[in-house]
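Chain residues, written in single-letter form:
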Amino acid sequence: MADQQIREEIRAVLETFSHSPKAHVQSFGCQLNFCDGEKYKGILQDLGYELTDTPEEADVILFNACAVRAHAESRVIGRLGALKAIREKNPRLVVGLCGCMAEEQAVRDLLKKSYPFVNLVLGAGAMERLPESLMAVYRGQKRAEALAFAGLPDETLPTVRESTFQASVPVMYGCNNFCTYCIVPYVRGRERSRTPEAIEAEVRGLIANGCREILLLGQNVNSYGRGLETEMNFPALLRRLDAIPGDYIIRFMSSHPKDATPELIDTMLDSEHIEHHLHLPVQSGSDAVLKAMNRRYTAEKYLTMIDYARAKAPDFGFSSDLIVGFPTETDADFEETMRIIEYVKYDNLYTFIYSRRDGTPAAEMPQVSTEEQIAARMARLLARQKEICEKWNARFLGKTVRMLAEKRSPETGLLLGKTREGLVIEVPGGESDIGSLLDVRVTGVKNWALSGEKQ
Ligand code: SAM
Ligand code: SF4
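What you are looking at is a predicted structure, and each value in this text was computed from that prediction instead of being measured.

All right, on to the sheet that holds strand 12 (residues 277-279) then. With parallel pairing, three strands are arranged side by side in an open sheet as 12-13-14. Lying at the two open borders of the sheet, with one neighbouring strand each, are strand 12 and strand 14 (348-353). The mean inter-strand angle of the sheet, taken between neighbouring strand axes irrespective of direction, is 15 degrees. Pairing of strand 13 (residues 317-324) with strand 14, which is carried by six bridges, proceeds in the parallel orientation.

Here's what the structure looks like:
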């Protein structure tokens, strides 16, 4: 909660406005960033701002942006630039960049040089310093900067949840893995875990309020618990949460393959509420590339986890992240990646063209492939994955699956949700079904989804 004195000072400023003060928060990037965005909204609402989706009518505009890929960063910078005109019309407007992108020195230098109208810069992990930073701007400071990526966010920070039936719950922050392509450890700091008591209290509260899906988040949930005073690992946390009574499901991401264990799979399969789906980012199928990426597993070791799960539950769902065009990746390395997708038969694949990030070890590695070669690899990967999915999805034809109806498709009007194994499924249904767990018989298969009928 904001320091009482700062809160009163901000309220006094807001009372001088001739209209009711409004704030606009826009998040970009991963689920964790969206989760942080809900906290920025909570803090601003608590300070007396009404939240708005229209930046033009806002008195505070916050872009909560992700540092993982350069292209996404450039898009955010472009959108920030477009706010200059709004700021010129409203000199009291506070324009802020926050999140892990704001932790980058190069970004802060660029803002200083070319975007002086951005008057608030708040690093990921410094969100509780939003009130004091806002007040510094209202007192006349040209730009307030707060950076901090150590420690845990204040457990009492208010949150504005986007959904009443789906909620993200961070279990840990930061990352210790230093994959050579990745900027996250430099902008989100070292791993630190929330206590199981705090997580359980949050999850219990959500379930008591009717939440149906809890998504546990961390850069590598499998290292949850390291550094806590009491001995704890991620499967133990899952068991503790699974014991909470109620009609709900638990998902989680991401799992680093080097730390995924049979205990994790057993815990999922023995649970009442945990979905049978594991997001297990492989990144590449080539041992040489995995080594250069500092992933600390081989393709063979990775596949033992897939085999273990599928031996116990043949329909078990896997999804993955894959990088194409890592600097050392040759055509032969890429063939190994193709072999992995043939073997695993992922239900969902998130594919990324390698993006060079200054300050990471991979940025110093010479690129051995041309842009055309990389684009051709990506096209081949996507085309083959589509075929694999369509065939593999057929394993559910005629079966009854459970889905959480999340929303209505704007194109078809059908309800969209996910099965226990993480596959997208669409069914005809009414407005009152949204937010409910439904039993559905699978009647059709597409390359990106299942279709079915409510039972
Ligand atoms: N910690 C998670 C893990 O290791 O699975 C993922 C976090 S990262 C934000 C999400 C994905 O972005 C990674 O799994 C990786 O595929 C991708 N990624 C990270 N850095 C990248 C880069 N420099 N270029 C392209 N993709 C990148
Ligand atoms: Fe980045 Fe690797 Fe950490 Fe994931 S595990 S956040 S890819 S450094």
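What follows picks up the thread again.
Of the volumes computed, that of the second largest pocket is approximately 230 Å³. As for the second largest pocket, its lining consists of 13 residues, of which Lys39, Glu155, Thr159, Arg194 and Glu202 are closest to the centre. Counting residues per element, the lining of the second largest pocket draws most heavily on helix 8 (residues 196-208), at three residues. Residues that form the lining of the second largest pocket fall into these classes: six nonpolar, one polar and six charged.

Look at helix 12 (residues 299-312) against helix 13 (residues 331-344): their axes get within 11 Å of each other, and the N-to-C directions meet at 10 degrees. Comparing their axes, helix 13 and helix 12 come out roughly parallel. Across from Ala299, Tyr302, Leu303, Ile306, Asp307 and Arg310 in helix 12, the residues of helix 13 making contact are Ile340, Tyr343 and Val344. Residues of the contact of helix 12 with helix 13, tallied by class, amount to seven nonpolar, no polar and two charged.

Contacts to ligand 2 come from Cys175, Asn177, Phe178, Cys179, Tyr181, Cys182, Val184, Pro185, Gln219, His256 and Arg295. A class-by-class count of the residues in the shell around ligand 2 yields seven nonpolar, three polar and one charged.

Once that is clear, we can look at the environment of Val221. With respect to the helices, strands and loops of the structure, Val221 is situated in the loop between strand 10 (213-217) and helix 9 (234-242). Apart from residues lying up to four places away in sequence, Val221 is in contact with Val171, Met172, Leu216, Phe234, Phe252, Met253, Ser254 and Ser255.

A grouping of Glu50, Asp53, Glu56 and Glu57 is seen on the molecular surface, where their side chains present a negatively charged patch. Assignment of secondary structure puts Glu50 in strand 2 (residues 50-51).

Tallying each qualifying case throughout the model produces 37 salt bridges. The shortest N-O distance in the salt bridge between Arg377 and Glu329 comes to 2.9 Å. Within this pair, whereas Arg377 is found in helix 14 (residues 371-393), its partner Glu329 is found in the loop between strand 13 and helix 13, the two being separated by 48 residues in sequence. Taken individually, Arg377 and Glu329 each receive the classification buried, so the pair is uniform in this respect. Where Lys446 meets Glu426, a salt bridge forms, and the shortest distance between an N and an O atom there is 2.5 Å. Of this pair, Lys446 sits in the loop between strand 18 (437-445) and strand 19 (450-454) while Glu426 sits in strand 17 (residues 424-427), and the two are 20 residues apart along the sequence.

With that settled, the discussion passes to the packing of aromatic side chains. Counted by the stated rule, this structure contains nine aromatic pairs. Each member of the aromatic cluster is reached from another via a ring pair, and the members are Tyr181, Phe326 and Tyr354.

All right, on to the domain arrangement of the protein then. Examined at the domain level, the protein breaks down into domain 1 (4-146), domain 2 (163-252), domain 3 (276-396) and domain 4 (397-454). The distance between the C-alpha centroids of domain 1 and domain 2 comes to 26 Å. If you look at the interface, domain 1 gives 12 residues, while domain 2 gives 10 residues. Carbon and sulfur atoms make up 65% of the surface buried where domain 1 meets domain 2, a total of about 1100 Å² over both sides. Contact with domain 2 buries surface across domain 1, with Gln31, Leu32 and Cys35 losing the most and accounting together for 42% of the total. Residues Asp36 and Arg188 are paired through a salt bridge, measuring 3.2 Å at the closest nitrogen-oxygen approach. Along the contact surface separating domain 1 from domain 2 lie two residue pairs in polar contact (both at pLDDT 80 or more). Classifying every residue of the side of domain 1 that touches domain 2 by side-chain character gives six nonpolar, two polar and four charged.

The full set close to ligand 1 counts 15 residues, and Gln219, Pro281, Gln283, Asp321 and Ser355 are the nearest of them. At 2.9 Å from a nitrogen atom of ligand 1 is found a main-chain nitrogen or oxygen belonging to Tyr181. Sorting the residues of the shell around ligand 1 by element identifies strand 13 and strand 14 as the ones contributing at least two each. By residue class, the composition of the shell around ligand 1 is seven nonpolar, four polar and four charged.

So, how was this worked out
Residues numbered from 1 in each chain as written. Chains lettered and ligands numbered in written order. Predicted model: local features only at pLDDT ≥ 70, side-chain atom pairs only at ≥ 80, totals over all residues. Heavy atoms only, no water. Pairing = 2+ DSSP bridges. Helix = DSSP H or I, 4+ residues; strand = E, 2+ residues; numbered from the N terminus. Axes fitted to C-alpha atoms, helices over the stretch in contact; angles between N-to-C directions. 1 Å grid on protein atoms, 1.4 Å probe; cavity = no way out; pocket = protein on both sides within 12 Å on 5 of 7 lines; lining within 4 Å. Points joined across faces, edges and corners; volume = space filled by probe spheres on them. Nonpolar A, V, L, I, M, F, W, Y, C, P; charged D, E, K, R; others polar. Parallel < 35°, antiparallel > 145°, perpendicular 65-115°, else oblique. Contact = heavy atoms within 4.5 Å. Near = heavy atom within 4 Å. Patch = residues over 30% accessible without salt bridge, like charges linked within 9 Å, V, L, I, M, F, W, Y side chains within 5 Å. Areas by Shrake-Rupley, 256 points an atom, 1.4 Å probe, with all protein chains shown as cover. Salt bridge = Lys/Arg side-chain N within 4 Å of Asp/Glu carboxyl O. Lys, Arg positive; Asp, Glu negative; His and termini not counted. Charge placed at Lys NZ, Arg CZ, Asp CG, Glu CD. Buried < 20%, exposed > 50% of the residue type's maximum accessible area, 1.4 Å probe, protein only. Phe/Tyr/Trp six-rings, centres within 6.5 Å; stacked < 30°, edge-to-face > 60°. Domains from an automatic or database assignment. Buried area = accessible area lost by both parts, 1.4 Å probe. Polar contact = N/O pair within 3.5 Å; in protein donor to acceptor, adjacent residues only side chain to side chain.

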